[in-house]
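Here is what each chain is made of, one letter per residue.
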Amino acid sequence: MEMNHENRRFARYEVPAIIYAPDLTSLCIVPIDISGGGFKAMLDKEFKFDGAVACEFHVFGEVFENCRIRVAWTKSIETAPSSFLIGFAIERYDDENRLQDAIKGLNHLMENG
């Protein structure tokens, strides 16, 4: 489902994806929504670091390696103690258009079967 409530470069979608960022967490990050420019996730700790960390995206059967993400914003969740919504910005990846196309393709498949 497309979520384009804000003026963004890329539309955000609620599609299944997995992000591996071993320098950030040993767990897989499953975003709430994702776009070619970033993603939002709920995590059990607040991350505060300067710069970007390496990661790998898995979206719609495609793997996007050599990516780097940084924390763009963090918000505590009052109704869920020790939980945080964290916005991540994608600093670098191999093919911006291919990632956005994979996200759109998966969204289309989910909406239309």
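It should be noted that the structure appears before, not after, this text.
Note that the coordinates shown come from a computational prediction; the quantities given were computed from them, not determined experimentally. (Residues numbered from 1 in each chain as written. Predicted model: local features only at pLDDT ≥ 70, side-chain atom pairs only at ≥ 80, totals over all residues. Heavy atoms only, no water.)

Chemist: Looking at this structure, I do not really get the pairing of strand 7 (residues 62-76). What am I missing?
Modeler: The side chains of a regular strand alternate between both faces of the sheet. Across 6 bridges, the pairing between strand 6 (residues 53-59) and strand 7 is antiparallel. Counterpart to Ala54 in the pairing with strand 7 is Arg68. Turn length for the strand 6-strand 7 hairpin, with the two strands adjacent in sequence and antiparallel, is 2 residues, and the turn residue Phe60 shows positive phi of about 55°. Direction of pairing for strand 7 relative to strand 8 (residues 84-92): antiparallel, over a ladder of 8 bridges. Across the sheet, Thr74 pairs through a bridge with Ile86, a residue of strand 8. (Pairing = 2+ DSSP bridges. Helix = DSSP H or I, 4+ residues; strand = E, 2+ residues; numbered from the N terminus.)

Chemist: Just to check I follow, could you spell out the nonpolar core for this structure?
Modeler: Ranked by internal contacts, the top residues of the largest apolar core, which has 29 residues, are Phe39, Phe57, Val59, Ile69 and Phe88. If you list the elements that add at least two residues to this core, you get strand 3 (17-20), strand 5 (38-43), strand 6, strand 7, strand 8 and helix 1 (96-112). (Core = buried A, V, L, I, M, F, W, Y, C linked by side-chain atoms within 4.5 Å. Buried < 20%, exposed > 50% of the residue type's maximum accessible area, 1.4 Å probe, protein only.)

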